[in-house]
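These are the residues of each chain, in order.
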Amino acid sequence: MAKSSSWVPHIEAFVDSSRSSSQQNESLEALASLLRNDVLTIELLVREMEMYLTTTDNVIRSRGILLLGELLARLMVKPLENVTVHSLIGFFTDRLADWQALRGALIGCLALLRRKSSVGMVSGSDARLVGQSYLQNLQVQSLAQHDRMLCFELLECLLDRYSDAVAALGDDLVYGICEAIDGEKDPRCLMLTFHLVEVLAWLFPEPSGPLASFAGDIFEILGCYFPIHFTHQQGDDFDIKRDDLSRALMLAFSSSPLFEPFAIPLLLEKLSSSLPLAKVDSFRYLSHCVLKYGVDRMGKHAKAIWSSLKDAIFTFSLQGNIFSLASDLPDTMGFEENDITKEALICLEKVILQNDGIFLSLIVDDEDVEMILRSVTISNSYNSLSVESKQKLLAFGRIIVVSAKISSSSCDRIFHFLFPRLMDILGLSSSSLSLECIPYGSPVSFGQLNFGAIYLCTELLAACRDLIVGSEDIAPQSVLMQVSWCCLLQRFSGPLTTFLSSSLVTSMKQENCDANIYSGVKGLRTLATFPGWFLPISKSIFENILTVFMSILTAGCEETLLWKLSLKALVQIGTFTEKFHDSERATSYMNIVVGKIVSSISLDDSSMPYSLKLDAIAEIGGSGMHFMLKVIQGLEEAISANFFEASSKGNLKSVEVLIPLLECFSKKVLPWFHKTSLFEDIVFHFVINIWNQMEANTTFNIGIKANELLDVTMMVMRQAVADCSEKNQGLIVQKAYNILSSSASFSLKEPMPLSIPLKTEGLQLTQNLQDFSCRDEWLISLFASVIMALRPQTCLPDVRVVLELFMSVVLKGHVPAAQALGSIINKLPATIDSVEVSRACTLEEAMVIISKMNLWSVNGNSSFRKCNVICKSVENLTDLDISANNNAMVQTNVLVGLAWIGKGLLMRGHEKVKDITMTLLRCLLSTINTELLPIQHGLSGNDSGQDMHPLVMKSAADAFHILMSDSEICLNKRFHATVRPLYKQHFFSIMMPILLSSITGSDSSITRSFLYRAFGHVISNTPLVAVITECKKLIPVLLDSLAVSSVDILDKDLTYSLLLVISGIIMDENGREAVTENAHIIINCLVGLLSYPHMMLVRETAIQCLVAMSGLPHVRIYPMRTQVLRAISKALDDPKRVVRQEAVRCRQAWASMASRSLYF
Amino acid sequence: MTLGLINANPIVHAKKERIARTEDLHGDDAVDPLDIYDFVRDIRDPEHPYSLEQLSVLSEESITVDEKLGRILITFTPTIQHCSMATIIGLCLRVKLMNYFPSHFKVDIKVAPGSHANEESVNKQLNDKERVAAALENPNLRQLVDECIYSNEL
């Protein structure tokens, strides 16, 4: 046991009120840890503290008691003996009477009462004594906020944990609580008081108990808080929101049925308040209370509740916002409910759920409802209804939906009440049977199209359908069939279908009946989506509906509202049948809808535009797996038939058909498969099919539009192959390779040993590829697409041959081949461990092949020599006697190839990319290399030789764009590229010093301009974060390169992306300093761009940047103010509105810098 | 001079939704009344914390533009017949347009016919270059105008 001298000073420190609060806290913690570690016992401490606990000095006594209380609060989990607990609680119970030292006593009581039984807790009788002492001694409302909160916590703790013990206090307790909570205003305390009432109600549930006698008083206290008016800003220390308070109060309100006589009248009264919040809250409380108070008590309020609900729903629904026809979904027709209506409808649902008998009779017998029904069906067309009637109609629809959806019996009641009348109004009931023989499509006279009735009818049907679908698993069909509304529906379903269909046909011919169309389509859709086992809707009706929609679909020659809705309805019906595994209906759907629409692909009826047709097909296919399979089949057939026509006969029309077909396939169908990833085989067969066609067809000839078709086909090929598994990909590659090698023009042979000088072979290849036939171009392009989309694990046949083939094609300027090369390089394994794959090739080997091939003449020196590529290829080609212009072409082609290979390397993080970039750089710097110029002069033999250099240099600069930018076509995640994280940043940090030093080092303006271009490509594709860390050095160069790029109209995209980099730097906090330093030149540059004529976005962004610049320290920017204002005043006259508006903002920002005056 | 407000109890109308223009990058973005209206609708009334739009002093229909001739005509309606603030409002309109519109437009500002007791003199005052310039020389007036134009109270 520690010596008393070691810890007594802590007590003294805490009690001494002259010490700082941090000192006091330290000694408190020190004592607590001593106690926790059994160095000190609580008994010893209390004995030592005796003087502090009993002295007559109020201050010291209160500090002493507080110390003991706080210590106990920190020892909640330390076991204490029952005797100790007993004597401690006895002490604190007494101290509750000591108002000067109350805080400590409250904390002590709380700490003891909250102890768990395992560590020694307060006994029930002691707890009761605490309660008694509390009730006798405490005047809660006279205390300060924190003490009040402690008091409420103490009460809450007593009620929660010692409910039996304190329940014995009976009336005293309830009265005491009433007194304590009366007039409380602090939100934190209020949360507690509301909870107290709730617990109290749970404690005394009996109707003649203590609560019953005080219910009125308690409610009087609670009632004045309703509705909660709470204006505290968010971000207070205590984290209480209005919603929390409102919810706590709601729980208190609904805690006991004893509150019913007080609460319901209050809520009903508040419903008539003009405060929207009060209304919302009242409905929310009502819904909650209704369930808690029970049927018996609520019965007498039913009438009053219904009339308030009615008022609220009819008056507040959709204020000002009638049918929002803008939305495409028919479900959301016109319903942007406000909160009041929403809560009212929830409340309506709750009350009907509780007592459907009374409420349904109230609804059905209500005279107002009757009147509304009459008023909304009085006029026929939607447009002739008054705004008020429209509102009422929609609100009425909502009421019907909510009440019919609740249960089978409520549905029955509403249905019987409404349906026959609606049928009467629509004129279907009297001659219900004879109507069935009205042939489809005969227009109904406009007089019968009563919009109100149709609307209500569709809403009602939708509600019934939802009920049936929702209750499918509970109610077997036999039970359902006995419900009488089903018979009624069965009787009318035929005529109704006919009626709605002809109403749609009628509305097709008229304008301005969007509302009719919505209702008609919705009604038919609802009828068709009643579950199949539900007999009222027979198969023939289902098929009729499908036929109607189909006829609308196929008749549509443009995308009208009706067309769109019908398509959507068909898709929904399809999804529904698929979801409910309704085989009979699925068959009908398949035959009528899918079969017909698929067969329409090949039909050449011009009534429907082809793109619309394809849209419809894709949408309908998406509604279910089986349907999709059928659609795919149809599409495939169409594609292959057209492909044959187009490729062998050169049929122009087929080409035109094929392009949208393939586009549809790649944009709609393949993504669907990509999502489900189940039907890989189908995709595989599709690809193989195309290759078969390519194989079979030796007289390949597509005339005009061939390129467009090729592009689309390549896209489809890439996407399809990318979705296949490794195994299938392997098969596809093998097949493609075989076809390719059987083609005469590609003499694919085993690669020559690398030692043989490649020069001759290079020549040979170049000769062979003098020009492509159409078929060859297709073959090689499609093969390249396949290669691009392969997975890294798929093994390639004869990599060496393929590499050489592609490289030779690259020379011809075939970009896909270059991309394929890049993809191969990107995905090749670095090492191969299995010997069996003899034809496989590692990355290293491939690189060797490439370096040998690419240079044609490495001359035993494997490193890239200065401009070897260019020089040597130039040399070779001289022999071939090609004109100088072609030379430049070949050189640029080589550069493009190099760029894609470099991209592949860069993305996988291979260091060889350095060699390639060095080559590119050398090309850029080559004008100063005078040794090259004579060669060119020599070989071209005329002055035009000088012209080709800039072209080559430009493509070398653009190679950096290929290297850095993200490509849509290949080398991305979709096509399984190997991507090293942060590869762009890495490349950026390597390249920047080199580029910067070469820019400063170059003395030719042409060279510099191309270096700027390369720099621009690199920097605009680098993530901004990396740029900003370096921005001090970069800004001047960036501005120069912007100035260079803004000269040419062709470079507008580069200009824009560079400007975006600058704006990123300006906006970023970390770039601020560098921007401030360079403010002058930045502003000069931006001002220059204000009149950039080629792209509006550039002007707009430049102005936005200027606005941002105006936030810099005034000392720096003030000198430029006049210049900026002058330039901006010109921008005010910009032809584009957006620019003008930005200019106004900018002008204001810069003008207000000095004074408010704009004069300068 | 009467103390207190000239129109103590104006009728306040709801602000209209700003119509987002449809993005039409290739269309012809000529200056139209809505453009001008968007500039001036938020000018604060000299004596109330409401915008000219809210007080119905201005509307889109009251502005006409002829881009060929480079003319803008704004007709505004003071809230009451003898409103001495009419000239101030007109001055605000003129200053704002002067600042934010290309100077080749000729701006005419008038009160709506029959809406003001001294219609003619107000119109004359507002369209007299010299008098506008002189008014803006007056620091008190200048301050009042600036407050109305740049007010953030709304």
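Refer to the preceding data block for the structure.
One structure accompanies this document, and this report is about it. (Residues numbered from 1 in each chain as written. Chains lettered and ligands numbered in written order. Predicted model: local features only at pLDDT ≥ 70, side-chain atom pairs only at ≥ 80, totals over all residues. Heavy atoms only, no water.)

### With respect to the overall build of chain B
Let me state the cut-off plainly: Each helix corresponds to a stretch of at least 4 residues labelled H or I by DSSP, and each strand to a stretch of at least 2 residues labelled E; elements are numbered beginning at the N terminus. We call two residues contacting when some pair of their heavy atoms lies within 4.5 Å. Using the Shrake-Rupley algorithm and a 1.4 Å probe, accessible areas are obtained, with residue cover drawn only from the displayed protein chains.
Scanning chain B from N- to C-terminus turns up five helices and three strands. Scanning chain B from its N terminus toward the C terminus, one meets helices and strands in the order α-β-β-α-β-α-α-α. Long-range contacts, defined here as pairs at least 24 residues apart, represent 67% of the contacts in chain B between residues at least 6 apart. Just so you have it, chain B exposes about 8,600 Å², and 52% of that area is on carbon and sulfur atoms.

### Side note on the overall build of chain A
Note the threshold: For the exposure calls, accessible area comes from a 1.4 Å probe over protein chains only, and a residue counts as buried if that area is under 20% of its type's maximum, exposed if over 50%, partly exposed in between.
Per the secondary structure count, chain A includes 58 helices and zero strands. A burial count over chain A gives 56% of its 1160 residues as buried. In chain A, once contacts between residues fewer than 6 apart in sequence are set aside, the share between residues at least 24 apart is 77%. For chain A, the accessible area works out to roughly 48,500 Å², and carbon and sulfur atoms hold 54% of it.

### Here's the deal with the side chain of B:Ser115
All names here are of chain B. Keep this limit in mind: Counting of polar contacts relies on pairs of N or O atoms within 3.5 Å, with two restrictions inside protein: one atom must be capable of donating a hydrogen and the other of accepting it, and residues adjacent in sequence are counted only when both atoms are side-chain atoms.
Tracing the backbone through its elements, the reader meets Ser115 in the loop between strand 3 (106-111) and helix 3 (119-126). Separated by 2.7 Å, the side chain of Ser115 and the backbone oxygen of Ala112 make a polar contact. Contacts of Ser115, omitting those with residues within four sequence positions, involve Phe76, Thr77, Pro78, Ile80 and Gln81.

### Topic: the pairing of strand 2 (residues 71-76) of chain B
Residue and element names in this part refer to chain B. Spelled out, the test is: Here, a strand pair is defined by DSSP locating no fewer than two bridges between the strands. Looking down the strands as they point away from you, a crossover is right-handed if its path from the first strand over the helix to the second goes clockwise.
In this sheet, strand 2 lies alongside strand 1 (residues 63-66) in antiparallel orientation, the contact comprising four bridges. Across the sheet, the residue bridging to Asp66 is Arg71, located in strand 2. Hairpin connection from strand 1 to strand 2: four residues lie between these consecutive antiparallel strands, with Gly70 at a positive phi of about 70°. Summarising the sheet, strand 2 and strand 3 pair through six bridges and their orientation is parallel. Each bridged residue has a counterpart across the sheet, and for Arg71 the counterpart in strand 3 is Lys106. A crossover links strand 2 with its parallel partner strand 3, the connecting element being helix 2 (residues 86-100), and its sense is right-handed.

### Let's talk about the packing of helix 19 (residues 339-354) of chain A against helix 20 (residues 356-365) of chain A
All names here are of chain A. Where we set the bar: Helix axes are fitted only over the stretch in contact, all axes being lines through C-alpha atoms; the angle between N-to-C directions runs from 0 to 180 degrees. Angular relationships are summarised with four words: roughly parallel below 35 degrees, roughly antiparallel beyond 145, roughly perpendicular across 65 to 115, and oblique for the angles in between. Throughout, the ten residues Ala, Val, Leu, Ile, Met, Phe, Trp, Tyr, Cys and Pro are labelled nonpolar, Asp, Glu, Lys and Arg are labelled charged, and all others, Gly among them, are labelled polar.
Running from amino to carboxyl end, helix 19 crosses helix 20 at an angle of 125°, the nearest separation of the two axes being 6 Å. Between helix 19 and helix 20, the angle falls in the class oblique. Every residue of helix 20 that contacts helix 19 at Val351, Ile352 and Gln354 is listed here: Asp356, Phe359, Leu360 and Ile363. Across the contact of helix 19 with helix 20, the residue classes break down as five nonpolar, one polar and one charged.

### Observations concerning the environment of A:Val8
Looking at the secondary structure, you find A:Val8 in helix 1 (residues 4-15). Residue classification places A:Val8 among the buried residues on the basis of a relative accessible area of 15%.

### Concerning the sheet that holds strand 1 of chain B
Residues and elements named next belong to chain B. One open sheet holds the three strands; their spatial order is 1-2-3, and the pairing between them is mixed. Edge positions in the open sheet fall to strand 1 and strand 3, since each of these has one partner strand only. Neighbouring strand axes in the sheet, compared pairwise and without regard to direction, differ in orientation by 10° on average. Of the strands in this sheet, strand 2 and strand 3 are in contact with helix 3, which crosses strand 3 at around 160°.

### Considering the nonpolar core
Residues and elements named next belong to chain A. Here is the rule: The term nonpolar core refers to a set of buried residues drawn from Ala, Val, Leu, Ile, Met, Phe, Trp, Tyr and Cys, joined through side-chain atoms within 4.5 Å. All domain edges in this entry derive from an automatic or database-based domain assignment.
Among the nonpolar cores identified, the biggest contains 433 residues, and Phe253, Trp691 and Phe806 are the most heavily contacted of them. Built from parts of two domains, this core gets at least three residues from each of domain 1 (267-365) and domain 2 (366-537). When sequence neighbours within four positions are dropped, the list of residues in contact with Phe253 reads Phe219, Leu222, Gly223, Phe226, Phe259, Ala263, Leu266, Leu267, Tyr285, Cys289 and Tyr293.

### Some details on the packing of aromatic side chains
All names here are of chain A. Note the cut-off: Two rings from Phe, Tyr or Trp (for Trp, the six-membered ring) form a pair when their centres are within 6.5 Å of each other. A pair whose planes differ by under 30 degrees is stacked, one over 60 is edge-to-face, and the rest are tilted.
Overall, the coordinates contain 17 aromatic pairs over all chains when judged by the stated rule. When the ring of Phe415 is compared with that of Phe419, the centres are 4.4 Å apart and the planes differ by 20°; the resulting orientation is stacked. Taken as a pair, Phe415 and Phe419 lie in helix 23 (residues 408-426) at a separation of four residues, close to a single helical turn. You'll find Phe415 and Phe419 in the same group, each marked buried. Taking 6.4 Å as the distance between ring centres and 40° as the angle between the ring planes, the aromatic pair formed by Tyr737 and Phe783 counts as tilted. With Tyr737 in helix 37 (residues 726-742) and Phe783 in helix 39 (residues 774-788), this residue pair connects regions lying 46 residues apart in the sequence.

### Thoughts on a negative patch on the surface
For the record, the criterion: Like charges are joined within 9 Å and nonpolar side chains (Val, Leu, Ile, Met, Phe, Trp, Tyr) within 5 Å, but only among residues with over 30% relative accessible area and no salt bridge; these make up the patches. A pair is scored as a salt bridge if a Lys or Arg side-chain nitrogen falls within 4 Å of a carboxyl oxygen belonging to Asp or Glu. For the purpose of charge, His is not counted, nor are the chain termini; Lys and Arg are scored as positive and Asp and Glu as negative. In this description, the location of a charge corresponds to atom NZ of lysine, CZ of arginine, CG of aspartate or CD of glutamate.
The grouping of A:Glu179, A:Asp182, A:Asp217 and A:Glu220 at the surface amounts to a negative patch. Position of A:Asp182 among the secondary structure elements: in the loop between helix 11 (171-181) and helix 12 (187-203).

### As for helix 1 (residues 33-40) of chain B
Among the eight residues that make up helix 1 of chain B, six are buried, leaving the element largely enclosed by the rest of the structure. Every buried residue belonging to helix 1 of chain B is among B:Leu34, B:Asp35, B:Ile36, B:Tyr37, B:Phe39 and B:Val40, and all of these are buried. Buried residues belonging to helix 1 of chain B abut helix 58 (1137-1151) of chain A together with strand 1, strand 2 and helix 2 of chain B.

### Things to note about the pattern of salt bridges
All names here are of chain A. Scanning the model with the defined rule gives 40 salt bridges over all chains in all. Linking Lys1033 and Glu1030 is a salt bridge whose minimum nitrogen-to-oxygen distance equals 3.2 Å. Assessed through its relative accessible area of 31%, Glu1030 is described here as partly exposed. Each of the salt bridges in this network shares a partner with another, and the network as a whole consists of Arg242, Asp281, Arg284 and Glu343.

### Describing helix 29 (residues 539-555) of chain A
Under the convention used in this document: The span one expects for a helix is its residue count, reduced by one, times 1.5 Å.
Compared with an ideal rise of 1.5 Å per residue, which puts 17 residues at 24 Å, helix 29 of chain A spans 24 Å between its outermost C-alpha atoms and is within 8% of the ideal. Taken residue by residue, helix 29 of chain A has A:Ile541, A:Phe542, A:Ile545, A:Leu546, A:Val548, A:Phe549, A:Met550, A:Ile552 and A:Leu553 as its buried positions.

### Quick word on the packing of helix 28 (residues 514-528) of chain A against helix 30 (residues 561-579) of chain A
Residues and elements named next belong to chain A. Inclusion rule: By convention the crossing between two helices is left-handed if the near helix lies anticlockwise of the far one by an angle smaller than a right angle, and right-handed if it lies clockwise.
Between helix 28 and helix 30, the least distance of the axes is 10 Å, while the angle of their chain directions is 15°. Comparing their axes, helix 30 and helix 28 come out roughly parallel. Judged by the sense of rotation from one axis to the other, the crossing of helix 28 with helix 30 is right-handed. Residues Asp514, Ile517, Tyr518, Val521, Arg525 and Ala528 of helix 28 form the contact with helix 30, whose participating residues are Leu561, Leu562, Leu565, Ser566, Ala569, Gln572 and Ile573. By residue class, the composition of the contact of helix 28 with helix 30 is nine nonpolar, two polar and two charged.

### Some remarks on unusual backbone geometry
Residue and element names in this part refer to chain A. Backbone torsion omega between Phe226 and Pro227 reads -10°, so that peptide bond is classified as cis. Take Pro227: it is sitting in the loop between helix 13 (210-223) and helix 14 (242-253). For Asp38, which is not glycine, the phi torsion reads 60° and is therefore positive. Topologically, Asp38 is positioned in the loop between helix 2 (21-36) and helix 3 (42-48). One non-glycine residue, Leu982, lies in positive phi territory at about 60°.

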